[in-house]
Amino acid sequence: MSKTDVYSPNFGRLRGKRAWRQNLHLAVMSAAKVESALGPRGAYKMVTFNRGPERIIKVTKDSVEMLKELEVQYPAVKTLAEAAKLHREEVGDGVSTMIIIIAGLLEQSERLMDKKIHPNVMLRGYLAATKEALAVIEKTAIVKGDSRNQILDVAECGRRLLTPELRAALLEAAERAESQGEIDLKRIRVITKRGGSVADSRLIRGVVIKKEKLHPSMPDELHDVKVAVVNKSFDNKPLEILMKGQGPFHIKLDITEADQVEKFKKQERRMNDDLVSFVESAGAKVVFCRAKIVTPVADEMSRRGITAFEIISQEDMDAVAEATGATATGDVRNLEPKDLGVVNTLRVEKIDGLYYVVVEGPKGSTILIRGSSLEHVDETERVVKNVVRLFRNAKKDPKTVPGGAAIYMQIAAHLKEYALTFPGKEQVAIEAYAGVLEQVAGSLIRNYGLSWSKTLPELRSYHARGMHSMGIATGGCTDMDNPS
């Protein structure tokens, strides 16, 4: 039988400049999808995709979601999508602007290559322009005191997702997470629960874990108790095969009489009870265990008034340790009083059929987001996480620059003059760089429904006269330092 090769009619192979240009055009196309969502008046996008047999529909302004769901397999677009994801994780905002600028630089690169400008010359020009742009930002940026309310407005960007309750929760969570002059993101957790209304979203002053107590007779609420965080399972395995000298107990089982089996079981119970005794002697009333707690140990814990939770994820274990001040212990036999943390209040709640344990302490904060639809909950979660990242970065560097693309217009005006200091073709690359930065203002102008041909020249005129705080808002050119 002869072999037959079957190819898709959509299959093709590109090489050289054709492949390069195709990647570039797709990257620019991807940016165009994001560009119309920029700013408070930017458009929402309806994204559809299949999750198994289910058809999923999302309505979002999130740039990362848009690029991810485009599912374009070309390297340039995949790199752009990954860059957007990393930018959001590190910075929290400005993803759409970043994509517009990168795609604009790629588009300008193609035009410069058509003018016979070598890529190395372009790169030198782009690098020089970037360094000069950073210098302009450093010179322009000022400290304007507490900017957290402004950050909330910037991150929400007109989506009206942050209710007054959520805003207050974020502000308080940021205060509770401050440590040594910085905001520790490990102390702020975000959990979501579909159902209820947005008004049910709230701040929980502690750590929330989706977990049920180990034994029904264990109490649902405790106050001012000590907590142990243990990684190893609460179990004795006397028949486990170990090397000579290994293991805490050295057992050899040799049955010669009928009552020896019962003696062995009694010894095993005593060994299990000893595990609970280690917890009790250390003074812990609550145990969070990374691994399994066997039933006999759980029963004995319940009898001695110790509340336990098993098979906790490493992320949750770290959060409990951070919130309570506990030190994780590898083996309960090594547990000491100094390893314990303190919980102000611990309670087990049932929310819409699921059990949650709430660990209230002086450090941790959890923001619970509720909503009637999965899409709304997901979108709110992304905004809340972006706000937390922005709070962290603003605490590290509280300097701000004018919004509404004012800083980009200022940099563009400066770069056009700076380009004239270069005698070579780098001058053209720097001018192209300046033109790309003006595209950010152009995108805002279009999304606000303003006249591009009238508003952009007017904005250039303001910046040429040194009015560098002028940007784009609802009414057109606006002083962003005094928008009222």
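Scroll up a little and you will see the structure.
Residues numbered from 1 in each chain as written. Predicted model: local features only at pLDDT ≥ 70, side-chain atom pairs only at ≥ 80, totals over all residues. Heavy atoms only, no water.

**Some remarks on the overall build of the protein**
Link 1 in the chain: Helix and strand counts for the protein come out as 14 helices and 17 strands.
Link 2 in the chain: A burial count over the protein gives 45% of its 484 residues as buried.
Link 3 in the chain: Looking at the protein as shown, the accessible area adds up to about 25,900 Å², and 52% of this sits on carbon and sulfur atoms. (Helix = DSSP H or I, 4+ residues; strand = E, 2+ residues; numbered from the N terminus. Buried < 20%, exposed > 50% of the residue type's maximum accessible area, 1.4 Å probe, protein only. Areas by Shrake-Rupley, 256 points an atom, 1.4 Å probe, with all protein chains shown as cover.)

**Observations regarding the sheet that holds strand β7 (residues 202-204)**
Link 1 in the chain: Here we have three strands laid out as an open sheet, ordered β6-β14-β7, and mixed in their pairing. Both outer strands of the open sheet, β6 (188-194) and β7, are each paired with one neighbouring strand and no more. Along the sheet, successive strands turn relative to each other by an average axial angle of 25°, direction set aside.
Link 2 in the chain: Across the sheet, helix α11 (residues 374-396) is in contact with β6 and β14 (365-371); its angle to β6 comes to roughly 170°. (Pairing = 2+ DSSP bridges. Axes fitted to C-alpha atoms, helices over the stretch in contact; angles between N-to-C directions. Contact = heavy atoms within 4.5 Å.)

**Looking at the nonpolar core**
Link 1 in the chain: Ranked by size, the top nonpolar core spans 38 residues in total, and within it Leu112, Ile411, Leu415, Tyr433, Leu437 and Leu459 carry the most contacts.
Link 2 in the chain: Looking at this core, the elements that each hand over two or more residues are α4 (95-114), α5 (119-140), α12 (406-419), α13 (426-447), α14 (452-464) and β16 (470-473).
Link 3 in the chain: Per-element accounting of this core gives the leading share, eleven residues, to α13.
Link 4 in the chain: Residues contacting tyrosine 433, with those up to four places away along its chain left out, are Leu105, Tyr126, Ala129, Thr130 and Leu415. (Core = buried A, V, L, I, M, F, W, Y, C linked by side-chain atoms within 4.5 Å.)

**Here's the deal with the environment of arginine 269**
Link 1 in the chain: Note that arginine 269 resides in helix α8 (residues 260-282).
Link 2 in the chain: Sequence separation of arginine 269 and glutamate 300 is 31 residues, and the distance between their C-alpha atoms is 9.7 Å.

**Examining the pattern of salt bridges**
Link 1 in the chain: On inspection of all chains with the given rule, the structure shows 25 salt bridges.
Link 2 in the chain: As a salt-bridge pair, arginine 333 and aspartate 331 come within 3.0 Å of each other at their nearest N and O atoms. Each member of the pair arginine 333 and aspartate 331 is classed as buried.
Link 3 in the chain: One salt-bridge network, held together by shared partners, links Arg202, Arg347, Glu349 and Glu360. (Salt bridge = Lys/Arg side-chain N within 4 Å of Asp/Glu carboxyl O.)

**Details of the packing of aromatic side chains**
Link 1 in the chain: Following the criterion strictly, the structure yields three aromatic pairs and no others.
Link 2 in the chain: Aromatic side chains tyrosine 418 and phenylalanine 422 sit 5.2 Å apart centroid to centroid with 80° between the ring planes, which places their arrangement in the edge-to-face category.
Link 3 in the chain: Judged by relative accessible area, which is 21%, tyrosine 418 ranks as partly exposed. (Phe/Tyr/Trp six-rings, centres within 6.5 Å; stacked < 30°, edge-to-face > 60°.)

**Some details on the side chain of threonine 380**
Link 1 in the chain: Among the structural elements, threonine 380 can be located in helix α11.
Link 2 in the chain: By relative accessible area, which is 1% here, threonine 380 ends up buried.
Link 3 in the chain: Threonine 380 has contacts with Leu161, Leu166 and Ile369, leaving out every residue within four places of it along the chain.

**Describing helix α6 (residues 148-156)**
Link 1 in the chain: Turning to α6, its buried residues number three or more, namely Arg148, Ile151, Leu152, Ala155 and Glu156. Along the long axis of α6, the arc covered by the buried residues comes to 125°, so they all point the same way.
Link 2 in the chain: Elements in contact with the buried residues of α6: α7 (164-176), β4 (178-179), β5 (182-183) and α11.
Link 3 in the chain: Following α6 by one or two positions, cysteine 157 has its phi on the positive side, about 50°. (Arc of directions from axis to C-beta.)

**Overview of the pairing of strand β13 (residues 354-360)**
Link 1 in the chain: Where strand β8 (residues 206-209) and β13 come together, four bridges link them in antiparallel fashion. Considered in β13, the bridge of isoleucine 209 is made with valine 357.
Link 2 in the chain: Bridge count for strand β12 (residues 341-351) against β13 is seven bridges, and the pairing is antiparallel. Residue pairing for β13: lysine 350 is matched across the bridge by tyrosine 355.

**Comments concerning α7**
Link 1 in the chain: Taking 1.5 Å of rise per residue, the 13 residues of α7 would be expected to cover 18 Å, and the 18 Å separating its terminal C-alpha atoms lies within 8% of that figure.
Link 2 in the chain: For α7, the complete set of buried residues consists of Leu166, Ala169, Leu170, Ala173, Ala174 and Arg176. Around the axis of α7, the buried residues are gathered within 160° of arc, so they sit on the same side. Counted as exposed and oriented over 90 degrees from the buried face of α7: Pro164 and Glu175. (Expected span 1.5 Å × (residues − 1).)

The analysis is restricted to geometry; functional conclusions fall outside its scope.
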